[in-house]
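Structural characterization, general
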Amino acid sequence: MTYLRDFFLLCSGANESILKKTPTEINRFVGIGATIFFTGVFAAIASAYAIHTVFNNYFISMFFGLLWGLMIFNLDRYIVSTIKKKGSFFRDLSSVVPRLVLAILIAVVIAKPLELKVFETEIEAEIQLMQQETYAEQEALLKARYDSDIQTLNTDIASLEEKVEDKRIVRDQLDKEAILEADGTGGSMRRNMGPIYAIKKADAQKAQAELDATINEVAPLIENKQAQLATIEKTKADDLASMQKVALTGLASRIEALDRLSNKSTAIFYAGIFIMLLFIAIETSPIFVKLIAERSPYDFVLNKHEFAFRMNHNNYVAQLENATTNKIKFDTETGLYKTEIT
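Just so it is clear, the structure is predicted and the values come from calculations on it, not from any experiment.

1. Let's talk about the overall build of the chain
Looking only at helices and strands, one finds 10 helices and zero strands in the chain. Reading the secondary structure of the chain in the N-to-C direction produces α-α-α-α-α-α-α-α-α-α. For the chain, the proportion of its 342 residues judged to be buried stands at 31%. Long-range pairs, those at least 24 residues apart, make up 80% of the contacts in the chain between residues at least 6 apart in sequence. Carbon and sulfur atoms form 63% of the exposed surface of the chain, whose accessible area is close to 21,900 Å².

See the structure below:
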């Protein structure tokens, strides 16, 4: 237990020589050091998970996770060890605020990857939905790229077929009128094949000739456009078949999925807030403990050492200043005396 206690004291950043003079403070600093240490551990775990989602490599994840954990541990140790009680709450608060802001930022950075891990199952399901939506958007864009040409060709084909159909309707109508004239059920209402029938039959034959000419003119055009349409449809089908679904496995995709889940589910939204608040509480607890606690024997002894050092420094500076002033005065007077003699 002694080794563990000494390790946590080292983590707290407490001065060993001062602690020997204030043994009642050891347990407090052991608790502070343990909090700092486990915060660094959580930071290492969170960072390793976040890096693993990007590189999918355990060695890289462990290396950068350990590096990040040590950096957070060092920052926390520095933040806590530099807080010094001066006896005035507002004065202590003014010195704590910047450190408190930094601690909150560290807590947020630590909490988010762990939050992603907690809701990993729900996030994976949401990512599948996001992938389907992304694929559908890509499919719609690809289809839109070809649909314009397809629609133009279909319109042209329909226009050409309509042109033929118009000629066919005219031909059929004239054929019908000739037949009605021949059997006496229409036209002059006389059943014969007289001059009126001959005229109508000639008109029908002329319409048939125009229909045949139109078909001969239009058929190659329709065939060409249908060939173009078939080529475009095939290219479109090939592109759709070769299009691959985007794998959303990055950290940004997981954060976006978690945000979507938070918007959909109130439970996940509040759970995320509570996880964040938990890590903020863990990260800032040593700072608040130092802020709200009364000045301890450790603070008094530390202040005594710092005051003594400051006084010794001021005394040394004053002596050096006096010695320098006296030397300058002596050199000046000596110079004037030599000038007067000469």
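Following the structure, the description resumes.
2. Observations regarding the packing of helix α1 (residues 2-12) against helix α4 (residues 58-81)
Their axes nearest at 8 Å, the elements α1 and α4 cross at an angle of 75°. Put simply, α1 runs roughly perpendicular to α4. Contacts between α1 and α4 involve L10, C11 and S12 from the first element and F73, R77, V80 and S81 from the second. Taken together, the residues of the contact of α1 with α4 sort by class into four nonpolar, two polar and one charged.

3. What to know about the side chain of E115
Relative to the elements of secondary structure, E115 occurs in helix α5 (residues 89-118). The buried category is assigned to E115, whose relative accessible area is 4%. Residues within four places of E115 in sequence aside, it is in contact with L258, G272, I275 and M276.

4. Quick look at empty space enclosed by the protein
Evaluated as defined, the whole model comprises two cavities of 30 Å³ or more. In this structure, the largest cavity encloses a volume near 60 Å³. Considering the residues around the largest cavity, the lining is formed by T35, I36, T39, D76, I79, V80, A103, I282, E283, P286 and I287. Looking at the lining of the largest cavity, the elements with two or more residues in it are α3 (26-55), α4 and α9 (266-292). It is α9 that provides the largest number of residues to the lining of the largest cavity, a total of four residues. Of the residues in the lining of the largest cavity, the class split is seven nonpolar, two polar and two charged.

5. Things to note about the nonpolar core
Within the largest apolar cluster, 28 residues are counted, with the highest numbers of intra-cluster contacts made by V96, I110, F119, I123, L258, F279 and I287. Those elements giving two or more residues to this core turn out to be α3, α4, α5, α6 (120-183), α8 (251-264) and α9. No other element matches the nine residues that α5 contributes to this core. Those residues in contact with F279, other than ones at most four positions away along the chain, are F42, A107, I110, A111 and L114.

6. Quick word on the packing of aromatic side chains
Enumeration over the complete set of coordinates arrives at seven aromatic pairs. With a centroid separation of 5.2 Å and an interplanar angle of 80°, the aromatic rings of F7 and F37 are classed as edge-to-face. Linking F7 in helix α1 with F37 in helix α3, this pair joins segments that are 30 residues apart in sequence. A residue is classified by how much of its surface remains accessible, and F7, at 34% relative accessible area, is partly exposed. For R28, the ring lying beneath its charged end belongs to F29, and the centroid distance is 4.9 Å.

7. Regarding α4
Here α4 spans 34 Å end to end across 24 residues, near enough to the 34 Å set by a 1.5 Å rise per residue. Within α4, the full set of buried residues consists of S61, G65, G69, I72, F73, D76, I79 and V80. Two or three places before F59, at the start of α4, stands the capping residue N57, its side-chain oxygen 3.0 Å from that residue's backbone nitrogen.

8. Let's talk about a nonpolar patch on the surface
Nonpolar side chains collect at one region of the surface, where F269, Y270, I273, F274 and L277 lie side by side and expose about 500 Å² of accessible area between them. Relative to the helices and strands, Y270 is located in helix α9.

Thresholds applied
- Residues numbered from 1 in each chain as written.
- Predicted model: local features only at pLDDT ≥ 70, side-chain atom pairs only at ≥ 80, totals over all residues.
- Heavy atoms only, no water.
- Helix = DSSP H or I, 4+ residues; strand = E, 2+ residues; numbered from the N terminus.
- Buried < 20%, exposed > 50% of the residue type's maximum accessible area, 1.4 Å probe, protein only.
- Contact = heavy atoms within 4.5 Å.
- Areas by Shrake-Rupley, 256 points an atom, 1.4 Å probe, with all protein chains shown as cover.
- Axes fitted to C-alpha atoms, helices over the stretch in contact; angles between N-to-C directions.
- Parallel < 35°, antiparallel > 145°, perpendicular 65-115°, else oblique.
- Nonpolar A, V, L, I, M, F, W, Y, C, P; charged D, E, K, R; others polar.
- 1 Å grid on protein atoms, 1.4 Å probe; cavity = no way out; pocket = protein on both sides within 12 Å on 5 of 7 lines; lining within 4 Å.
- Points joined across faces, edges and corners; volume = space filled by probe spheres on them.
- Core = buried A, V, L, I, M, F, W, Y, C linked by side-chain atoms within 4.5 Å.
- Phe/Tyr/Trp six-rings, centres within 6.5 Å; stacked < 30°, edge-to-face > 60°.
- Lys NZ or Arg CZ within 6 Å of the ring centre and 35° of its normal.
- Expected span 1.5 Å × (residues − 1).
- Polar contact = N/O pair within 3.5 Å; in protein donor to acceptor, adjacent residues only side chain to side chain.
- Patch = residues over 30% accessible without salt bridge, like charges linked within 9 Å, V, L, I, M, F, W, Y side chains within 5 Å.
- Salt bridge = Lys/Arg side-chain N within 4 Å of Asp/Glu carboxyl O.

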